[in-house]
Amino acid sequence: MFSGIIEHQGHVSAARRLDRDLDITVATGIPDLSLGESIAVNGVCLTVTSFDAAGTATFFISSETLDRTALGRIEAGHRVNLERAVTPATRLSGHIVQGHVDGTGRLLAVEQVGEARHITFSIPARLRRYLVEKGSITIDGISLTLNTVGEPGADGCPPDAFRIALMIIPHTWEHTTLGTLKAGNAVNIEVDVIAKYVESVCQYR
């Protein structure tokens, strides 16, 4: 379980293709890693398969994860957002995040507004029912607040997508990988798990 508050930006030192899978080595900046612990890498819950005293860790990414997330675009030299699993004493400054990606979106545009950034993404239409204005969304592991939520096919989007907009404060811009994204880049999307449970209860009550 995670909260969507990014603790570190890791540096990918190697990304090795293994047939249909991917193995990455990341300088995490975390000195007290444990073998087998879960870390959210760009919002995807991954397992530490090896590590050293300096905090350089390896993660194995299966074809299932590559098919469902945007991790396939990771290359050596990239930065990634990192968050360790929460503890019972952790302040939940973001929202409940599982690290189980629901789909991928794409960055549409970034506009500077004062010191903040107004950013828009295209999101799969099947996720629309889980989002509300001023609700929470996780993008590449970052807990963010939705400013506006469009409708499928509106605002120049195709019928299978819709547009969301968010305002990013300078701290988040500088301490996550949002500032490295280019228009068209894929991002990992996780919607609020509570919305999914509510939907399930309403369907099967």
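Residues numbered from 1 in each chain as written. Predicted model: local features only at pLDDT ≥ 70, side-chain atom pairs only at ≥ 80, totals over all residues. Heavy atoms only, no water.

*Asks:* Just give me the short version of the overall build of the chain, but keep the residues and values in it.
*Replies:* A tally of regular secondary structure across the chain gives three helices and 13 strands. Expected size for 205 residues packed as a compact globule is a radius of gyration near 17 Å; at 17 Å, the chain falls within 12% of this value. Here the C-alpha coordinates of the chain stretch approximately 50 × 45 × 40 Å along the principal axes. Residue pairs at least 24 apart in sequence account for 68% of intrachain contacts in the chain once pairs closer than 6 positions are excluded. Taken as a whole, the chain presents about 10,300 Å² of accessible surface, with 52% of it coming from carbon and sulfur. Where the 18 positive side-chain charges of the chain centre and where its 23 negative ones centre are 3 Å apart. (Helix = DSSP H or I, 4+ residues; strand = E, 2+ residues; numbered from the N terminus. Rg over C-alpha atoms; globule rule 2.2 N^0.38 Å. Contact = heavy atoms within 4.5 Å. Areas by Shrake-Rupley, 256 points an atom, 1.4 Å probe, with all protein chains shown as cover. Lys, Arg positive; Asp, Glu negative; His and termini not counted. Charge placed at Lys NZ, Arg CZ, Asp CG, Glu CD.)

*Asks:* With reference to specific residues and values, describe unusual backbone geometry.
*Replies:* The phi dihedral of D19 is positive, around 60°, even though this residue is not glycine. You can call D19 exposed: its relative accessible area is 77%. (Buried < 20%, exposed > 50% of the residue type's maximum accessible area, 1.4 Å probe, protein only.)

*Asks:* I'd love a proper account of a nonpolar patch on the surface, names of residues and values included.
*Replies:* Taken together, M1, L92, I96, I194 and V198 make up a surface patch of nonpolar side chains, about 450 Å² in accessible area. Its location among the elements puts I194 in helix α3 (residues 193–204). (Patch = residues over 30% accessible without salt bridge, like charges linked within 9 Å, V, L, I, M, F, W, Y side chains within 5 Å. Salt bridge = Lys/Arg side-chain N within 4 Å of Asp/Glu carboxyl O.)

*Asks:* I'd like a rundown of the pattern of salt bridges, residues and numbers included.
*Replies:* Where charged atoms of side chains with opposite charge meet at close range, the side chains can pair. For the structure shown, the criterion picks out nine salt bridges. Notably, a salt bridge pairs D23 with R16, separated by 2.4 Å at the nearest N-O pair. According to the relative accessible area criterion, R16 is partly exposed, its value standing at 34%. In this structure, R68 engages E64 in a salt bridge whose closest nitrogen and oxygen atoms are separated by 2.5 Å. Of this pair, R68 and E64 are both found in helix α1 (residues 63–68), four residues apart, which corresponds to roughly one turn of the helix. We classify R68 as exposed; its relative accessible area is 53%. According to the relative accessible area criterion, E64 is partly exposed, its value standing at 46%. Here the residues in one salt-bridge network are D32, E37 and R84, joined through shared partners.

*Asks:* Please give an account of the sheet that holds strand β12 (residues 161–168) that cites residues and values.
*Replies:* Pairing within the open sheet is antiparallel, and its seven strands lie in the order β10-β9-β13-β7-β8-β12-β11. Edge strands, defined here as strands with exactly one partner in the open sheet, are β10 (142–145) and β11 (148–149). One ladder, built from three bridges, connects strand β9 (residues 136–139) with strand β13 (residues 186–191); its direction is antiparallel. In the sheet register, T138 faces β13, and the bridge partner there is E190. (Pairing = 2+ DSSP bridges.)

*Asks:* Kindly report on the nonpolar core, identifying the contributing residues and their values.
*Replies:* Grouped together as the largest cluster of nonpolar side chains are 24 residues, with contacts concentrated most on F121, L131, I137, I139, I164, L166 and L178. Going through the elements one at a time, β8 (116–124), β9, β10, β12 and β13 are the ones with two or more residues in this core. Among the elements that make up this core, the one with the highest residue count is β12 (four residues). If we skip the residues at most four places from it in the chain, I164 touches I119, T120, F121, I123, L131, I137, I139, L146, T148 and V149. Residues I30, I39, L46 and F59 belong to the second largest nonpolar core, which totals 20 residues. (Core = buried A, V, L, I, M, F, W, Y, C linked by side-chain atoms within 4.5 Å.)

*Asks:* Let's hear about the sheet that holds strand β5 (residues 56–61): which residues, and what values?
*Replies:* The six strands lie next to each other as β1-β2-β5-β4-β3-β6, forming a closed barrel whose pairing is antiparallel. On average, adjacent strands in this sheet sit at an angle of 45° to one another, irrespective of strand direction. (Axes fitted to C-alpha atoms, helices over the stretch in contact; angles between N-to-C directions.)

*Asks:* Now, about the environment of H171: what can you tell me, with residues and values included?
*Replies:* Relative to the elements of secondary structure, H171 occurs in helix α2 (residues 170–175). Under the relative-accessibility criterion, H171 is labelled partly exposed at 49%. The spacing of H171 and A116 is 55 residues in sequence and 9.1 Å in space, taken between C-alpha atoms.

Taken by themselves, the reported measurements are silent on function.
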